[in-house]
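# A look at the structure
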Amino acid sequence: MKYGIRALTGAALVAGCIAHPAPALAGSMVVWGGSVYEYVETYMKWDEAKAAAATMSYLGYAGRLATITSAGEQAAIESIIPSHWSYNAMVGGSDAGEEGTWVWETGPEAGTIFWQNGKPYNGAYSNWRSGEPNANSATEDHLVLYQHQWIDSPANDFLHRGYIVEYQLENIGLDFAMTNNHMLAVQNLSPAARLVSL
């Protein structure tokens, strides 16, 4: 009996993994920690961006305004936002429910407090610009990334230049990687799946 590597059309097989070309997104994208992030450049208000993100999908997984829970995630997201000073990006944090208590409003973190009483809540990650959040106006209730840091913004009072959509793809049997500006979906195969009778 001979054994060989299963031939799969439209996929590259490397070291027990199948690397499938993954569909491209319209905006700039990055992969980090089980999620795919997309920067959508368009002028809209925060509520509109939240609603728009919820209608988007990637590989069948629903989109949402991104949440940022670590410095690594922050750096990954920053890498897809254009560097010009005029660019900013809305994400899924707000203190609209209770002034000064910032919560994530989207995804599995929805309802999780990350900032309260002027400091990180229970050691949660934050990256506020110096002097922020400052609630300069009664409507500065939404989290916006601006020049690599967070600001509280009256994001429903005027149009911002973009928003970040997160597609959480964990636990679907695929890992994602970027190579030569193309995303690959990498499926690890068990030895039994790799070896088939010829």
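Relevant structure appears above.
All of these numbers come straight from a predicted model, not from anything done at the bench.

As a further point, take the packing of aromatic side chains. Tallied over the full model, the rule gives 10 aromatic pairs. Taking the centre distance of 5.9 Å and the plane angle of 45° together, the rings of Tyr58 and Tyr167 count as tilted. Of this pair, Tyr58 sits in strand E6 (residues 57-58) while Tyr167 is found in strand E14 (residues 160-168), placing the two residues 109 residues apart along the sequence. The interplanar angle of 90° and the centroid separation of 5.6 Å between the aromatic rings of Phe114 and Trp150 together place this pair among those described as edge-to-face. Here Trp150 lies in strand E13 (residues 149-153) and Phe114 lies in strand E10 (residues 113-116), a separation of 36 residues in the sequence.

A word on the pattern of salt bridges. Counting across every chain of the model gives 4 salt bridges. With its nearest N and O atoms 3.2 Å apart, the salt bridge here joins Lys50 to Glu105. One end of the pair, Lys50, is in helix H1 (residues 46-54); the other, Glu105, is in the loop between strand E9 (102-104) and E10, with 55 residues separating them in the sequence. By relative accessible area, Lys50 is classed as partly exposed at 28%. We classify Glu105 as partly exposed; its relative accessible area is 26%. Taking the shortest distance from any N to any O, the salt bridge between Arg64 and Glu166 comes out at 3.2 Å. On the criterion of sequence distance, the pair formed by Arg64 in strand E7 (residues 61-65) and Glu166 in strand E14 is long-range, its members being 102 residues apart. According to the relative accessible area criterion, Glu166 is buried, its value standing at 3%. Look at the salt bridges and you will find they share partners, linking Arg64, Glu109 and Glu166 into a network.

Along the chain, the position of Tyr43 falls in strand E5 (residues 35-44). Put simply, Tyr43 and Arg161 are 118 residues apart on the chain and 4.6 Å apart in space, counted from C-alpha to C-alpha. In contact with Tyr43, other than residues within four places in its own chain, are Leu159, His160 and Arg161. Among the polar contacts listed, one links the side chain of Tyr43 to the side chain of Arg161, at a separation of 3.4 Å.

All right, on to the nonpolar core then. Ranked by internal contacts, the top residues of the largest apolar core, which has 22 residues, are Trp150 and Ile164. Mapped by element, the contributors of at least two residues to this core are E5, helix H2 (71-78), strand E8 (88-94), E9, E10 and strand E12 (142-146). In this structure, Ile164 is in contact with Tyr37, Glu38, Tyr39, Arg64, Leu65, Ala66, Ile77, Ile80, Ile81, Ala89, Met90 and Val91, ignoring residues within four places of it in sequence. Counting 20 residues, the second largest nonpolar core, distinct from the first, contains Trp46, Ala49, Met56 and Ala155.

Put simply, Glu132 and Pro133 share a cis peptide bond, and its omega is -10°. With respect to the helices and strands, the residue Pro133 is situated in the loop between strand E11 (119-120) and E12. The phi torsion at Asn122 lies on the positive side, around 50°, for a residue other than glycine. Positionally, Asn122 belongs in the loop between E11 and E12. One non-glycine residue, Ala135, adopts positive backbone phi at about 50°. With respect to the secondary-structure elements, Ala135 resides in the loop between E11 and E12.

Here we come to the pairing of E5. Most of E5 is tucked away, with 7 of its 10 residues classed as buried. Two strands pair when backbone bridges link them, and strand E4 (residues 28-32) and E5 are joined in this way by 5 bridges, in the antiparallel orientation. When the bridges of E5 are listed, Val31 appears paired with Val36. Hairpin connection of E4 to E5: 2 residues between the antiparallel strands, including Gly33 at a positive phi of 50°. Alignment of E5 against E14, held across 8 bridges, turns out to be antiparallel. What sits directly across from Val40, in E14, is Tyr163.

The rules behind the values
Residues numbered from 1 in each chain as written. Predicted model: local features only at pLDDT ≥ 70, side-chain atom pairs only at ≥ 80, totals over all residues. Heavy atoms only, no water. Phe/Tyr/Trp six-rings, centres within 6.5 Å; stacked < 30°, edge-to-face > 60°. Helix = DSSP H or I, 4+ residues; strand = E, 2+ residues; numbered from the N terminus. Salt bridge = Lys/Arg side-chain N within 4 Å of Asp/Glu carboxyl O. Buried < 20%, exposed > 50% of the residue type's maximum accessible area, 1.4 Å probe, protein only. Contact = heavy atoms within 4.5 Å. Polar contact = N/O pair within 3.5 Å; in protein donor to acceptor, adjacent residues only side chain to side chain. Core = buried A, V, L, I, M, F, W, Y, C linked by side-chain atoms within 4.5 Å. Pairing = 2+ DSSP bridges.

All quantities given are derived from atomic positions and should not be read as evidence of function.
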